[in-house]
Amino acid sequence: MVTNIAAIFQKQIKDTFKNKEIFIQFIMFPILTIIMEHAVKIDGMPPHFFVNLFAVMYIGMAPLTCMAAVISEEKEKNTLRVLLMSNVKPVEYLLGIGGNIWAICMLGAGVIGVCGEYRGGIFGRFMFIMAVGTLVSILIGAAIGIWSKNQMTATSITVPVMLVFSFLPMISIFNTKMEKLAAITYSGQISRLLDKMEISTESMAVMVFNMAAAMVLFGYAYRKRGLE
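Procedures and definitions
Residues numbered from 1 in each chain as written. Predicted model: local features only at pLDDT ≥ 70, side-chain atom pairs only at ≥ 80, totals over all residues. Heavy atoms only, no water. Axes fitted to C-alpha atoms, helices over the stretch in contact; angles between N-to-C directions. Helix = DSSP H or I, 4+ residues; strand = E, 2+ residues; numbered from the N terminus. Parallel < 35°, antiparallel > 145°, perpendicular 65-115°, else oblique. Left-handed = near helix turned anticlockwise from the far one by under 90°. Contact = heavy atoms within 4.5 Å. Nonpolar A, V, L, I, M, F, W, Y, C, P; charged D, E, K, R; others polar. Buried < 20%, exposed > 50% of the residue type's maximum accessible area, 1.4 Å probe, protein only. Salt bridge = Lys/Arg side-chain N within 4 Å of Asp/Glu carboxyl O. Phe/Tyr/Trp six-rings, centres within 6.5 Å; stacked < 30°, edge-to-face > 60°.

Draft legend 1. How the structure looks around the packing of helix α3 (residues 49-76) against helix α9 (residues 186-196). Closest axis-to-axis distance for the α3/α9 pair is 9 Å, and the angle between their directions is 150°. By the angle between their axes, α3 is roughly antiparallel relative to α9. Remark: the crossing between α3 and α9 carries right-handed chirality. Residues Asn52, Ala55, Val56, Ile59, Gly60 and Leu64 of α3 form the contact with α9, whose participating residues are Tyr186, Ser187, Ile190, Ser191, Leu194 and Asp195. By residue class, the composition of the contact of α3 with α9 is seven nonpolar, four polar and one charged.

Rendered as structure tokens:
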């Protein structure tokens, strides 16, 4: 099992660098964070505003869209069928792909955290928050990828979902009604956690609920569609 997961992991690393559309998702927000954090200074702007803003958008966009794109693409091109016929179990495939996307996203999160000048325990809390949020996004992306018959279907589903989780926390800053809606989403709670850099019971409860919902969604999609 470990050998197959490692092989899928290595294969996906190579595929990631070859696929520019996916690769750009991993580097876009870390680069934007570096540029905006050092280039834009506005009186009264909260400390590390762009770090926290792009960190939330990174979580809501990169892992979700990449996971859905990878699975739907391999289903459409029948490369997934070849893997499954080569004694690679579905759980091994999903762990290999998901592990690769999670690891690359955490590297990007590390760059964002360093840009925010987080150190010690604060940096650890930042990475923990990003790790949990990335996992939730990966589960949602996997559910979309499995449910979709091809890349076009996956994109049509992914875009609105990604926009909600990526931009809702930002919109909630200016709209109280949106703030209440964002409060029940994992990305909204990540925004709150990053603003205070304190792990609260309420926020973690919402995160766990979102993760459970994502797992249920993933399980339903897998039972209905599978990976064939």
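Next comes the rest of the account.
Draft legend 2. Spatial organisation of unusual backbone geometry. Non-glycine residue Glu117 carries a positive phi angle of around 60°. Here Glu117 shows up in the loop between α5 (90-115) and α6 (120-147). For Glu117, a relative accessible area of 57% gives the class exposed. At Met197, a residue that is not glycine, the phi angle is positive and equals roughly 55°. Within the secondary structure, Met197 sits in the loop between α9 and α10 (201-225).

Draft legend 3. Highlighting the pattern of salt bridges. Taken as a whole, this structure holds three salt bridges when the rule is applied. Two residues, Lys11 and Asp15, come together in a salt bridge whose shortest N-O distance is 2.8 Å. With Lys11 and Asp15 both in helix α1 (residues 2-18), this residue pair falls four residues apart, about one helical turn. Each of Lys11, Asp15 and Glu74 takes part in a single network of salt bridges with overlapping partners.

Draft legend 4. Molecular detail of the packing of aromatic side chains. Scanning all chains against the criterion turns up nine aromatic pairs. Taking 6.1 Å as the distance between ring centres and 20° as the angle between the ring planes, the aromatic pair formed by Phe50 and Phe54 counts as stacked. One end of the pair is Phe50 and the other is Phe54, both in helix α3 and four residues apart, which spans about a single turn. On the basis of relative accessible area, Phe50 is assigned to the buried category, the value being 9%. Measuring from centroid to centroid gives 5.2 Å for Tyr118 and Phe126, while their planes differ by 35°, and the two rings are tilted. Of the two residues, Tyr118 and Phe126, both sit in the buried class. An aromatic cluster of at least three residues, connected via ring pairs, comprises Phe29, Phe49, Phe50, Phe54 and Tyr58.

Draft legend 5. Looking closely at the environment of Ala131. Among the secondary structure elements, Ala131 is positioned in helix α6. With a relative accessible area of 15%, Ala131 lands in the buried category. Filtering out sequence-adjacent residues up to four positions away, Ala131 remains in contact with Trp102 and Met106.

Draft legend 6. Representation of the environment of Ile157 in the model. Looking at where Ile157 falls in the secondary structure, it is placed in helix α7 (residues 151-172). In the structure, Ile157 is positioned 92 residues away from Thr65 in sequence and 9.8 Å away in space, judged by C-alpha atoms. Those residues in contact with Ile157 that sit more than four places away from it in its chain are Ile144, Trp147 and Ser148.

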